Structures are given as C-alpha cells and as structure tokens.
Amino acid sequence: MDIQISKTTTPKSRPPESELGFGRFFSDHLFAMDFSADKGWHDARIQPYGPFQVDPAAGVFHYGQAMFEGSKAFCGDDGVLRLFRPMAHAERMMAGAPRLCMPTPSAEQMVEACKALVRVDADWVPKASGTSLYLRPTLIATEGFLGVRPANEYRYFIIASPVGSYYGGSGLKPVRIWVETVDVRAPRGGLGAAKAGANYAASLHAAVKAKKAGFDQVLWLDGQTHELVEEVGTMNLFALLGNTLITPPLSDSILAGVTRDSVITLSKDLGLTVEQRALSVKELRAAHAKGELREVFGTGTAAVVSPVGELAFAGETLRINDGAPGALGLKLYETITGIQRGALKDAHGWMVTV
Ligand SMILES: *Cc1c(COP(=O)(O)O)cnc(C)c1O
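Residues numbered from 1 in each chain as written. Predicted model: local features only at pLDDT ≥ 70, side-chain atom pairs only at ≥ 80, totals over all residues. Heavy atoms only, no water.

Points about the nonpolar core
The line we're drawing: Take the buried residues of types Ala, Val, Leu, Ile, Met, Phe, Trp, Tyr and Cys, join any two whose side-chain atoms come within 4.5 Å, and each joined set is a nonpolar core. Remark: exposure states derive from per-residue accessible area (1.4 Å probe, protein chains only) relative to the maximum for the residue type, with buried under 20%, exposed over 50%, and partly exposed in between. A run of H or I in DSSP counts as a helix once it spans at least four residues, and a run of E counts as a strand once it spans at least two, with each numbered from the N terminus. By definition, residues are in contact when any of their heavy atoms lie within 4.5 Å.
Grouped together as the largest cluster of nonpolar side chains are 46 residues, with contacts concentrated most on L219, V229, L245, L284, L293, F297 and L311. In terms of residues, this core owes the most to one element, strand β12 (residues 235-241), which gives six residues. Apart from the residues lying within four places of it in its own chain, the contact partners of L311 are I177, V179, L219, L284, E316, T317, L318 and I320. I3, I46, V118 and L135 belong to the second largest nonpolar core, which has 39 residues in total.

Rendered as structure tokens:
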C-alpha cells in the first residue's frame, strides 16, 4: 500500500500525561483511505488531524452505515512501540462489515495503516504506566444519495488519542451495575456481533437511566427471554462460579472482544476451567445464595478488566466479593497490562512492534 504523507505545519503541544483521561485529546495526524465501486480502495494518506468534508446526503448520516474499532499502541518500558493484537482487531472489522453491507480494506492494509499512523505520531504515544495511544479506526458510507441501499462510496479513517490509565493509578475500582430488563442492546439477528455505531446508539438510553439511578453501567440480557446475561456496558462479561470461569458464547448479539479472547487464553494458562455457555440471571442468583459467585467482571480494550462489585435488580442487590476486586480479575489485569508494556513474556505472540 502506497501511503502519501503530508505532515502538519502546526503541531499541537502535547497534554501532560497525568491529565489525559479518555478520548479528550487527538494526535497531530490521521490516516484516511477512500473506496468507490469503480476504483476500489484508493488514495491512502496520512494528513493533519482536522475536520473533513462529507456530503450531507451521505449514507452514514441517514441510514447508519458506520462501524469502528478500538485498539491501543504502547510505549514499552524498553522504549519500543508496540500494538496489542492489531490483526485480531482488523479481522473483526472485516468479519462485521458484511452485516452492514460495507466493504473494508484488507486486514493487512488496516494493520499497516495503524502502524504508519503510530510511526508518524510516535511522539504522541504516552510513556507513563497505564497510558497508551488509543487507535480508533472508523468506516463510514460517504456517497451522497438518499435511496435506501448500500452506498457505493466509503471512507476508512484512523484517529489516535493519547489516553490515561482507566483507573487513574488508584487500582481497579469495582462498578455498580443495574440489570436492564426493558431495553435490549442487540437482538438475535441484529448488529450485535459487529462493532456498529448503531449498537451504541441503542445502548445510551438504558445507560443514562442507570447513571441517574446511581449505577455505573447496565448488564444486558438477551432480547428474547430477558433471562440470559450477554454483556456489561460495552464490555464482555465473565463470572467465576466456584473454580469455573463462565462467559456467554459468541452469537450474533455478542461482540467478539479481543480482550475476551485474551482472558479465555490466559485463564486456561492458569489452569482454570473456562466455559463458553449460556448463563442465566437465575443461575447467578442461585450461585450467589450458595456463596459460589466469587467474581464478576467485564473485559474490553479501554479498562482491560472491570470488576463488578454489585449487581442490582428491582428489589434485590447481589454484592460480589464484598464489593472488592477479585483475585482472578486482578491477576488477569496485571498479566495483560504487563504483556502490553513488554514487562511480561508475550507467550502468545500478541504484541506487534511498530
Ligand atoms: C468493543 C466492545 C467490546 C470489547 O471488545 P475488545 O476487543 O475487548 O475491546 C465488548 N462489547 C462490546 C459491545 C463492544 O463494543
């Protein structure tokens, strides 16, 4: 892939690493590439970060043909820049796009584009422990046409945002979760297995209600029976029952998290039994009553591992591990972040040098 690079003449000053937060700052450049039915993918370029023009009739604004990814670049303790499982992220976009009738660049091109942008904006990869450069590849329909059919023109672009430690250095903080029984994140047969912006639009209403009621996020149940647990907020869900780690099986209503896959692999390395199977609210309640519900946590790129301290239903609250982070969640968090910084052995070949 031939990438034209035009560098900014007005570089921004970089924010202090202690004040990064999440998604507030953006690096000096972005990657972009366009698709048209006749030319295919073309015009790969790195250009100064900034607004770009899109036709107001573009499909992305009207019919929601939009998807994204989220991965991270790290500066190791050795000063080497590395991406965490970039191929798995690129392959997930490729796997999800056909559900929205969208074309993607090849997985190799998407990984190359991530590397090229990180090279140009290498100074934007923060160094402090827990920080990283968050990469946000995005795919949108750009053709200006109001007829309802898949667009003929698309843009794939990547922006980069230096982000701080999710937990701000104070250690893993368990969250309080509302079990949502009305709104559904993704129905069977829907877009749930694709990282489509539409799934996030569908999730905001319940998340806002939960926040107003004093919770951090919601636990999503399946759209048919409202009895099976699916995901927690924008993360995959795990529960440790006795010595068995359980996570719902992948389906068209569950996003195949790269962190989920990593947690399954590392838990097996630790000798745990991992089951990918249906898990009902009833089973969670029964396990809690018997004192066997040891841990519940979410997994995702942003937080890595997010322990759940409380699961609240109408009229009942399950307190988990006395509201403290569990030992397994902590161990998995330390292991993944250690591999990402190059401090622990990368036994599964997950890190890719930029
Ligand atoms: C992105 C996402 C996840 C987590 O995926 P990772 O690859 O681990 O970051 C889980 N659930 C949903 C709904 C998501 O959008």
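Still to come is the rest of the account.
Things to note about the packing of aromatic side chains
Operational definition: Between rings of Phe, Tyr and Trp, where Trp is taken as its six-membered ring, a pair exists when centres lie within 6.5 Å; planes separated by under 30 degrees are stacked, by over 60 edge-to-face, and by other angles tilted. Each ring is checked for a lysine NZ or an arginine CZ that lies within 6 Å of its centre and within 35 degrees of its normal; such an atom marks a charge sitting over the ring.
According to the stated counting rule, one finds 12 aromatic pairs in the structure shown. With 5.1 Å between their ring centres and 65 degrees between their planes, F68 and Y200 make a pair best called edge-to-face. Of this pair, F68 sits in strand β4 (residues 66-68) while Y200 is found in helix α4 (residues 197-212), placing the two residues 132 residues apart along the sequence. Plain terms: the ring middles of F84 and W350 are 5.9 Å apart, the flat faces sit at 80 degrees to each other, and that makes the pair edge-to-face. On the criterion of sequence distance, the pair formed by F84 in strand β6 (residues 81-84) and W350 in the loop between α7 (327-340) and β18 (351-353) is long-range, its members being 266 residues apart. Each residue in the set F35, W41 and Y154 is aromatic and connected to the rest through ring pairs, giving one cluster. Just above the ring of W124 sits the side chain of R14; from NZ or CZ to the centre is 5.7 Å. Here the basic side chain of R285 rests over the ring of F313, its NZ or CZ set 4.2 Å away from the ring centre.

Quick look at the site of the ligand
Short version of the rule: Residues are counted as near a molecule or strand when any one of their heavy atoms sits within 4 Å of it. Each polar contact in these results corresponds to two N or O atoms within 3.5 Å; when the atoms are within protein, one needs to be able to donate a hydrogen and the other to accept it, and residues that are neighboring in sequence are counted only if both atoms are side-chain atoms. Computed with the Shrake-Rupley method and a 1.4 Å probe, the accessible areas treat only the protein chains shown as cover for residues. Charged residues are taken to be Asp, Glu, Lys and Arg, nonpolar residues to be Ala, Val, Leu, Ile, Met, Phe, Trp, Tyr, Cys and Pro, and polar residues to be all remaining types, Gly included.
Looking at the ligand, there are 15 residues lining it, with K195, Y200, E231, T259 and T301 nearest. Within the side chain of Y200, an N or O atom sits 2.5 Å from an oxygen atom of the ligand. Between a nitrogen atom of the ligand and a main-chain N or O atom of T234, the distance comes to 3.3 Å. In the complex, the protein chains occlude 96% of the 380 Å² of accessible area that the ligand would expose alone. Those elements giving two or more residues to the shell around the ligand turn out to be α2 (86-96), β12 and α5 (258-269). In terms of residue class, the shell around the ligand is made up of four nonpolar, seven polar and four charged.

Some thoughts on the side chain of R85
By the element assignment, R85 lies in the loop between β6 and α2. In this structure the side chain of R85 is engaged in a polar contact, spanning 2.9 Å, whose partner is the side chain of D261. The contacts of R85, once residues within four sequence positions are left out, are V258, D261, S262 and W350.

Brief notes about the state of the cysteines
We apply this condition: A pair of sulfur atoms, both from cysteines and within 2.5 Å, is called a disulfide here.
Inspection of every chain in the model, using the stated rule, returns zero disulfides. Counting only cysteine sulfurs, C75 is the nearest neighbor of C114, a cysteine outside any disulfide, at a range of 18 Å. For C114, a relative accessible area of 7% translates into the label buried.

Details of a nonpolar patch on the surface
Inclusion rule: Like-charged residues within 9 Å of one another, or nonpolar side chains (Val, Leu, Ile, Met, Phe, Trp, Tyr) within 5 Å, are grouped into patches, provided each residue has over 30% relative accessible area and no salt bridge. A carboxyl oxygen of Asp or Glu within 4 Å of a side-chain nitrogen of Lys or Arg is what we treat as a salt bridge.
Where nonpolar side chains cluster on the molecular surface, the patch consists of Y63, L146 and V148 and spans about 340 Å² of accessible area. Tracing the sequence through the fold places V148 in the loop between β7 (132-141) and β8 (153-163).

Quick look at the pairing of strand β5 (residues 71-75)
Which entries qualify depends on this criterion: A pair of strands is labelled paired if DSSP reports no fewer than 2 bridges between them.
Summarising burial for β5: five of the five residues are buried, a large majority. Of the two faces of β5, the one carrying S71, A73 and C75 and the one carrying K72 and F74 are both buried. Inspection of the sheet shows β5 paired to β6 by three bridges, in the antiparallel sense. If you follow C75 over to β6, its bridge partner there is L81. Hairpin remark: β5 followed by β6, antiparallel, with five residues in the connecting loop; positive phi at G79, about 85 degrees.

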